[in-house]
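Chain by chain, the residues:
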Amino acid sequence: ENDMNSKFNSALCAKLRNLEKKQQAEMAALMKKIETKRREVGRKRVDDTERLKSRNCNIVKMLDTKNVSLSTLSPYVDDASLSSHSSTTTCARNWSAPKLPQIFNHALNVC
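Analysis parameters
Residues numbered from 1 in each chain as written. Predicted model: local features only at pLDDT ≥ 70, side-chain atom pairs only at ≥ 80, totals over all residues. Heavy atoms only, no water. Helix = DSSP H or I, 4+ residues; strand = E, 2+ residues; numbered from the N terminus. Buried < 20%, exposed > 50% of the residue type's maximum accessible area, 1.4 Å probe, protein only. Areas by Shrake-Rupley, 256 points an atom, 1.4 Å probe, with all protein chains shown as cover. Expected span 1.5 Å × (residues − 1). Polar contact = N/O pair within 3.5 Å; in protein donor to acceptor, adjacent residues only side chain to side chain.

**Student:** Report on the overall build of the protein, specifying residues and quantitative values.
**Tutor:** Across its full length, the protein holds 2 helices and 0 strands. A total of 111 residues make up the protein; the buried ones form 11% of that total. With the model as given, the accessible surface of the protein reaches about 9600 Å², and the carbon-plus-sulfur share is 58%.

So this is what it looks like as structure tokens:
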């Protein structure tokens, strides 16, 4: 009977180890998937920011070439941007979007 219990316990322990390994592998796959998605979202955000900056520069250049005064756009433009505008407007090429926070940088701790 004691031999039977030890066999049962060792079989149970082996199954538990296999289950833990499977859970660790699944958790690692999910974490990789999440991190990949976060990087994609970050890249898309940077790309969208660059596109919007370029669009803004093009609009300002178009307005400058057509000699449209920004004061005529005052309902659509805030006062701070009007006061900082000059006839030789330069685009903010050195501006960059802030980095995303690293949320999932911890190691996996599974029992």
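**Student:** Give me the lowdown on helix 1 (residues 2-65), citing residues and values where you can.
**Tutor:** The terminal C-alpha atoms of helix 1 lie 93 Å apart, and with 64 residues this matches the ideal 94 Å at 1.5 Å per residue to within 8%. Immediately beyond the C-terminal end of helix 1, within one or two residues, lies N67, with a positive phi of roughly 55 degrees.

**Student:** Quick one: what's the story with the side chain of R38, residue by residue and with numbers?
**Tutor:** If you trace the backbone, R38 turns up in helix 1. For R38, the side chain forms a polar contact with the side chain of E35, separated by 3.1 Å.

**Student:** Just give me the short version of the side chain of E35, but keep the residues and values in it.
**Tutor:** With respect to the secondary-structure elements, E35 resides in helix 1. Since its relative accessible area comes to 16%, E35 is described here as buried.

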